[in-house]
Amino acid sequence: MKVNLMDMSLAELAEFVEEAGEKPFRAKQIFQWIYRGAAGFDEMTDLSKALRAKLEERAEIKCLDIETVQTSSDGTGKYLFRTHDGNFIESVFMKYKYGNSVCISSQAGCAMGCSFCASGIGGLVRDLTAGEMADQIISIERDTGEKISHIVVMGTGEPFNNYGALTKFLDMVHAEEGLNIGLRNITVSTCGIIPVMEQFADDYPQVNLAISLHAPNDEIRNEIMPVSRKFPLNELIAACREHVDKTGRRITFEYALIRGVNDSDDAIRQLANLLRGMICHVNLIPLNDVKESGLRGSSRLRAGEIAEFLEGRGIPCTVRRELGSDIDAACGQLRLNRMKD
Ligand code: SAH
């Protein structure tokens, strides 16, 4: 069977090249070609014809196929990819003043079952490989002709339930010969798998951590995020404080505002108390309506009031700018619509 070079780290590729009887520096060349977006060996023009033929025989570069792209008037691009085994995964390309950012998926489907999220509706199908995570970015660079400078792992899936592939992916995109993206330009989001958060602080202290908080107490959180029954809120917040201490970096809390569920004055007061004194930032996101959940987002007016209240309590926060809301860019929506076809 042919091996898939897309899933190899530079070190693994070096081993493969050596076993094939080639000079070690070839590994670097091939690795660079993959991250420059070469989809086949015939594009690797600085390799000899004989080497390309040898590679053709033993290896492949198994890429994602673009199923659909929807482009929004603000430049946001929503990509639906098909994996070689017929799964659909989605990524979003966003243009900001500071550069281009891609939001990638870490799993096909998700096991976490948050009630407001479209990604969990069909459950977990499988983990993505490191190559499939990286290829979301490589394919988007190829398709848009733009260089990506920032990555957020905030698409479908719980990255801390796929930690081996996540860390390999981080190493691949960070490598100078890979995408050469600084760790400080990468953000990983979790619903709060505490033991892995602790590991992550040791392994990647420079990578930004975002926590999907969405509730100020266990009562509300248990109702909308089943993971909270395993990792209660007080333990999660303690782990966050420890993370800030250990890494010296600010933590981001995502808080999707759900009308009548977590947006009352009382809930927001509790939220302010919960986060008091922590080096953090709250990202308020008026919930993108997902028909299946029956839940609705708070108004932007309400979001503004809440932001003002939190700022007044010394908690920095922003109301997330809505990019691509005209194209179903909310987490998991594109994939869900495709599954229903
Ligand atoms: N499992 C990880 C990574 C997914 S990140 C995590 O939970 O952090 C995707 C983010 O989008 C999460 O903060 C998630 O809670 C949020 N989200 C999911 N559905 C949403 C919706 N309908 N509206 C707004 N945000 C949503």
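The numbers attached to residues start from 1 for each chain and follow its sequence in the written order. Local features in a predicted model are, by the rule used here, given only for residues with pLDDT of at least 70; side-chain atom pairs are given and counted only at 80 or more, and totals for whole chains, interfaces and linings are based on all residues. To get the side-chain values, all heavy atoms of the structure are used, and hydrogens and water are removed first.

Axis separation between helix α10 (residues 265-275) and helix α11 (residues 300-312) bottoms out at 10 Å; the angle between their running directions is 35 degrees. Both α10 and α11 take part in a crossing whose hand is right-handed. Here α10 contributes Asp265, Ile268, Arg269, Leu271 and Ala272 to the contact with α11, which in turn contributes Arg302, Ile306, Phe309 and Leu310. Amino acids are sorted into nonpolar (Ala, Val, Leu, Ile, Met, Phe, Trp, Tyr, Cys and Pro), charged (Asp, Glu, Lys and Arg) and polar (every other residue, Gly among them). Per-class residue counts for the contact of α10 with α11 are 6 nonpolar, no polar and 3 charged. Every axis in this analysis is a line fitted to C-alpha atoms, fitted for helices over the stretch in contact. Angles between the N-to-C directions lie between 0 and 180 degrees. Each helix is a run of DSSP H or I of at least 4 residues and each strand a run of E of at least 2, with the numbering of both proceeding from the N terminus. Definitions for this section: a left-handed crossing has its near helix turned counterclockwise from the far helix by less than a right angle. A right-handed crossing has that turn clockwise. Residues count as neighbours in contact if any of their non-hydrogen atoms are within 4.5 Å of one another.

To estimate the expected span of a helix, count its residues, drop one, and scale the result by 1.5 Å. With 15 residues, helix α4 (residues 130-144) extends 22 Å from end C-alpha to end C-alpha; this agrees with the ideal 21 Å at 1.5 Å per step. Only protein chains enter the accessibility calculation, which uses a 1.4 Å probe; a residue is then buried when its area is under 20% of its type maximum, exposed when over 50%, and partly exposed in between. With 12 of 15 residues buried, α4 is to be regarded as a mostly interior element. Among all positions of α4, only Ala130, Gly131, Glu132, Met133, Ala134, Asp135, Gln136, Ile137, Ile138, Ser139, Ile140 and Glu141 are buried.

Glancing now at the side chain of arginine 126. By the element assignment, arginine 126 lies in strand β8 (residues 124-127). At 2.9 Å, the side chain of arginine 126 and the side chain of glutamate 132 are in polar contact. Beyond its immediate stretch of four places on either side in the chain, arginine 126 contacts Thr83, His84, Asp85, Asn87, Gln107, Ala108 and Glu132. In protein, a polar contact requires one atom able to donate a hydrogen and another able to accept it; more generally it is a pair of N or O atoms within 3.5 Å, and residues adjacent in sequence count only if both atoms are side-chain atoms.

Aromatic ring pairs are defined here through the distance separating the ring centres and the angle between the ring planes. Pairing of aromatic rings covers Phe, Tyr and the six-membered ring of Trp, with a centre-to-centre limit of 6.5 Å; geometry is then stacked below 30 degrees between planes, edge-to-face above 60, and tilted otherwise. The tally for this structure, following the rule as stated, stands at 7 aromatic pairs. Look at phenylalanine 160 and tyrosine 163: their rings are 6.0 Å apart centre to centre, the planes differ by 75 degrees, and that puts the pair in the edge-to-face class. Per residue, the accessibility class of phenylalanine 160 equals that of tyrosine 163, and both read buried. Any Lys NZ or Arg CZ found within 6 Å of a ring centre and within 35 degrees of that ring's normal is scored as a charge over the ring. Positioned over the ring face of tryptophan 33 is arginine 36, at 4.5 Å from the centre of the ring.

Before going further, it helps to spend a moment on the environment of aspartate 46. Here aspartate 46 lies in the loop between α2 (25-35) and α3 (49-58). Here aspartate 46 falls in the partly exposed class, since its relative accessible area comes to 39%. Taking C-alpha positions, aspartate 46 is 9.5 Å from isoleucine 30, a pair spaced 16 residues apart along the chain. Those residues in contact with aspartate 46, other than ones at most four positions away along the chain, are Arg26, Gln29 and Trp33.

Moving on to the pattern of salt bridges. Whenever Lys or Arg places a side-chain nitrogen within 4 Å of a carboxyl oxygen from Asp or Glu, that contact is recorded as a salt bridge. Scanning the entire structure with this criterion turns up 14 salt bridges. Taking the shortest distance from any N to any O, the salt bridge between arginine 126 and aspartate 85 comes out at 2.9 Å. With arginine 126 in strand β8 and aspartate 85 in the loop between β4 (77-82) and β5 (88-96), the pair connects residues that are 41 residues apart, well separated along the chain. The partner of glutamate 132 in a salt bridge is arginine 126, and the shortest N-O contact between them spans 2.9 Å. The burial state of glutamate 132 is the same as that of arginine 126; both residues are buried. Through salt bridges that share partners, Asp85, Arg126 and Glu132 make up one connected network.

Below, the discussion takes up the domain arrangement of the protein. Taken domain by domain, the protein holds domain 1 (3-60) and domain 2 (65-340). Boundaries between domains were set according to an automatic or database domain assignment. The C-alpha centroid of domain 2 is placed 34 Å from the C-alpha centroid of domain 1. Taken residue by residue, the interface counts 14 residues in domain 1 and 15 residues in domain 2. By convention, the term buried area covers the 1.4 Å-probe accessible surface removed from two parts as they join, with the contributions of both added. Counting the surface lost from both domain 1 and domain 2, the interface buries some 1,100 Å², and carbon and sulfur atoms represent 63% of this. Interface area lost by domain 1 to domain 2 is led by Met6, Asp7 and Tyr35, which between them contribute 55%. Counting across the domain 1 and domain 2 interface gives 1 salt bridge.

By nearness alone, 18 residues border the ligand, and Glu158, Ser189, Ser212, His214 and Glu254 come closest of all. Here glycine 157 contributes a backbone N or O atom positioned 3.0 Å from a nitrogen atom of the ligand. Within the backbone of threonine 190, an N or O atom sits 3.3 Å from an oxygen atom of the ligand. Coverage of the ligand by the protein amounts to 94% of the 540 Å² it exposes when considered alone. Any residue with at least one heavy atom within 4 Å of a molecule or strand is counted as near it. Accessible surface is estimated by sampling points in the Shrake-Rupley manner with a 1.4 Å probe; for residues, cover comes only from the protein chains shown.

Now for the nonpolar core. Residues grouped as a nonpolar core are buried Ala, Val, Leu, Ile, Met, Phe, Trp, Tyr and Cys residues, joined through side-chain atoms within 4.5 Å. Ranked by internal contacts, the top residues of the largest apolar core, which has 105 residues, are Phe160, Leu166, Phe169, Phe200, Phe253, Leu275 and Leu310. Broken down by element, this core gets its largest block of residues, 7 residues, from helix α5 (residues 163-174). Two domains each provide a minimum of three residues to this core, namely domain 1 (3-60) and domain 2 (65-340). Discounting chain neighbours no more than four positions away, the residues touching phenylalanine 169 are Ile104, Ala130, Met133, Ala134, Ile137, Ile151 and Val153.

With 7 of its 7 residues buried, strand β13 (residues 280-286) lies for the most part within the structure. Burial along β13 is two-sided: the residues Cys280, Val282, Leu284 and Pro286 and His281, Asn283 and Ile285 are all buried. In this sheet, β13 lies alongside strand β12 (residues 251-257) in parallel orientation, the contact comprising 7 bridges. By the bridge assignment, threonine 252 is partnered in β13 with histidine 281. Orienting the strands away from the viewer, one traces the path from the first strand over the helix to the second; a clockwise path indicates a right-handed crossover. In this view, the connection linking β12 to its parallel neighbour β13 by way of α10 has right-handed handedness. Two strands qualify as a pair provided DSSP detects at least 2 bridges between them. Bridge count for β13 against strand β14 (residues 317-319) is 3 bridges, and the pairing is parallel. Note that in β14 the partner of asparagine 283 across the bridge is threonine 318. In this fold, β13 hands off to α11, which returns the chain to β14; that crossover is right-handed.

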